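Secondary and tertiary structure notes
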Amino acid sequence: DAGVTQSPTHLIKTRGQQVTLRCSPKSGHDTVSWYQQALGQGPQFIFQYYEEEERQRGNFPDRFSGHQFPNYSSELNVNALLLGDSALYLCASMSRGQPQHFGDGTRLSIL
Amino acid sequence: AQKITQTQPGMFVQEKEAVTLDCTYDTSDQSYGLFWYKQPSSGEMIFLIYQGSYDEQNATEGRYSLNFQKARKSANLVISASQLGDSAMYFCAMRELTGNQFYFGTGTSLTVIP
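First, a word on what this report is: a plain description of the structure on this page.

Scoring rules and cut-offs
Think of each chain on its own: its residues are numbered from 1, step by step along the sequence as written. For this description, chains carry letters from A and ligands carry numbers from 1, given in the order in which they are written. Only residues with pLDDT of 70 or above have their local features reported here, since the model is predicted, and side-chain atom pairs are shown and tallied only from 80 upward, although totals for entire chains, interfaces and linings are computed over all residues. With hydrogens and water excluded, all non-hydrogen atoms of the structure serve as input to the side-chain values. In this description a helix means any DSSP run of H or I spanning at least four residues, a strand means any run of E spanning at least two, and both kinds are numbered starting from the N terminus. Every radius of gyration here is taken over C-alpha atoms, with the globule rule written as 2.2 Å times N^0.38, N being the number of residues. Only protein chains enter the accessibility calculation, which uses a 1.4 Å probe; a residue whose area is less than 20% of its type maximum is buried, one above 50% is exposed, and one in between is partly exposed. Pairs of residues are marked as contacts when any of their non-hydrogen atoms sit within 4.5 Å. Per-residue and other accessible areas were derived by the Shrake-Rupley procedure at a 1.4 Å probe size, with only the shown protein chains allowed to occlude residues. In summary, the charge assignment counts Lys and Arg as positive and Asp and Glu as negative, without counting His or the chain termini. A charged residue contributes its charge at one atom only: NZ of Lys, CZ of Arg, CG of Asp or CD of Glu. Two cysteine sulfurs form what is called a disulfide whenever their separation falls within 2.5 Å. A pair of strands counts as paired when DSSP detects no fewer than two bridges linking them. Note on definitions: angles span 0 to 180 degrees between N-to-C directions of axes, and those axes are lines fitted to C-alpha atoms, for helices only across the stretch in contact. As used here, the term nonpolar core means buried Ala, Val, Leu, Ile, Met, Phe, Trp, Tyr and Cys residues forming a set that is joined through side-chain atoms within 4.5 Å. By buried area we mean the combined loss of accessible area, with a 1.4 Å probe, across both parts when two parts are placed together. Residues adjacent in sequence count toward polar contacts only when both atoms are side-chain atoms; beyond that, a polar contact is any pair of N or O atoms within 3.5 Å, and within protein one must be able to donate a hydrogen and the other to accept it.

Examining the overall build of chain B
Secondary structure summary: chain B contains zero helices and 12 strands in total. Starting at the N terminus and walking to the C terminus, you meet the elements of chain B as β-β-β-β-β-β-β-β-β-β-β-β. Scaling as 2.2 N^0.38, a compact globule of 114 residues should have a C-alpha radius of gyration of about 13 Å, and chain B matches this with 14 Å. The principal-axis extent of the C-alpha atoms belonging to chain B is close to 45 × 25 × 20 Å. The buried share among the 114 residues of chain B stands at 48%. Counting only contacts in chain B whose residues sit at least 6 apart along the sequence, the fraction spanning at least 24 positions is 54%. Counting every atom, chain B has about 5500 Å² of accessible surface; 48% of that belongs to carbon and sulfur. Separation of charge centres in chain B, based on 8 positive and 11 negative side chains, amounts to 2 Å.

Here you go:
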């Protein structure tokens, strides 16, 4: 039973570029959340998707957008990258009433 | 105000001893869930234990137990018989059932000493 899978594992971009990160949820899970974890910090909630719609959003600018597909997989898009966007991006999936399960994350570095 | 507070940036424990990692939370909701996650240096977040706000008994999962004191709004993680592989960052998290967002603390770095 595959857990949450994220791709790519590492990514290097330059300021101003755009990036797309991908996430496949754990089998049986229909809700996907994205988090940004800066070095030495706890994960910060970006947004959550359920039934292909953004259900809740944290305190992140519109440069951060997402999508959920009918198979429950999800993408996180970040436009106009800034140096401060360098972080580990974690995807988590769950089904109703269950704990979240996390992927291994995508480590994004902005030069 | 911070939803989750972890006041111990770093902790050390001798192998085979027990250790308590502190977590306090802030919510006005009656229904919420509390979680602990372990994050090794490799980066993945590993779910350890869950406590519901209406659960009367403290949750236990193997060597992990959650000391839930609702009136004090604390949810401390107790790890018994520490092992070298327990060295990692530990995060306390909360989900308010009126919303869909998980709030994480800043984490505690645990080092197990042989």
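Next, the rest of the story.
Re the overall build of chain A
Counting its regular elements, chain A contains zero helices and 11 strands. In terms of overall dimensions, chain A is globule-like: its C-alpha atoms have a radius of gyration of 13 Å, near the 13 Å expected for 111 residues. Overall, the C-alpha framework of chain A stretches about 40 × 25 × 25 Å when taken along its three principal axes. Per-residue burial over chain A gives 48% buried out of 111 residues. Total accessible area on chain A is roughly 5500 Å²; 47% of this is exposed by carbon and sulfur atoms. The positive charge centre, built from 9 side chains, and the negative charge centre, built from 10, are 8 Å apart in chain A.

Structural notes on the state of the cysteines
Residue and element names in this part refer to chain B. This model, assessed by the stated rule, comprises two disulfides over all chains. Each sulfur in the disulfide pair Cys23 and Cys92 lies 2.0 Å from the other. As the torsion about the S-S bond is roughly -60°, the Cys23-Cys92 disulfide counts as left-handed. One end of the pair, Cys23, is in the loop between strand S3 (19-21) and strand S4 (24-25); the other, Cys92, is in strand S10 (residues 88-96), with 69 residues separating them in the sequence. Cys92 matches Cys23 in its accessibility class, with the two residues each being buried.

Some remarks on the sheet that holds strand S8 (residues 74-78) of chain A
Hydrogen bonding along the main chain pairs the strands of a sheet, whether they run parallel or antiparallel. Residue and element names in this part refer to chain A. Strand order across the open sheet formed by four strands is S1-S3-S8-S7, with antiparallel pairing between neighbours. Pairing within the sheet leaves two strands with one partner each, and these edge strands are strand S1 (5-7) and strand S7 (64-68). Mean inter-strand twist for the sheet, computed between neighbouring axes without regard to direction, equals 20°.

Let's talk about the nonpolar core
Counting residues in hydrophobic clusters, the biggest one holds 24 residues, and the most contacted among them are Tyr25(B), Trp36(B), Ile49(B), Leu77(B) and Tyr90(B). Counting only elements with at least two residues in this core, the list comes to S3, strand S5 (32-39), strand S6 (46-52), strand S8 (64-69), strand S9 (74-79), S10 and strand S12 (108-113) of chain B. Looking at which element gives the most residues to this core, the answer is S10(B), with four residues. Ile46(A), Phe47(A), Ala87(A) and Ile110(A) belong to the second-largest nonpolar core, a separate cluster that totals 20 residues.

Description of the environment of Tyr35(A)
Residue position: Tyr35(A) is located in strand S4 (residues 31-37). Separated by 12 residues in sequence, Tyr35(A) and Phe47(A) have C-alpha atoms that sit 7.5 Å apart. With residues up to four places along the chain from it excluded, the contact list for Tyr35(A) reads Pro43(A), Gln44(A), Phe45(A), Ile46(A), Leu88(A), Tyr89(A), Leu90(A), Ala92(A), Gln100(A), Phe102(A), Phe102(B) and Phe104(B).

Overview of the interface of chain A and chain B
Tallying the contact residues gives 20 residues for chain A and 16 residues for chain B. Both sides together, the interface formed by chain A and chain B hides about 1500 Å², and carbon and sulfur atoms give 53% of it. At the junction of chain A and chain B, the tally comes to two residue pairs in polar contact (both at pLDDT 80 or more). Put simply, the parts of the chain that give the side of chain A that touches chain B at least two residues each are S4, strand S5 (44-50), strand S6 (53-57) and strand S9 (87-94) of chain A.

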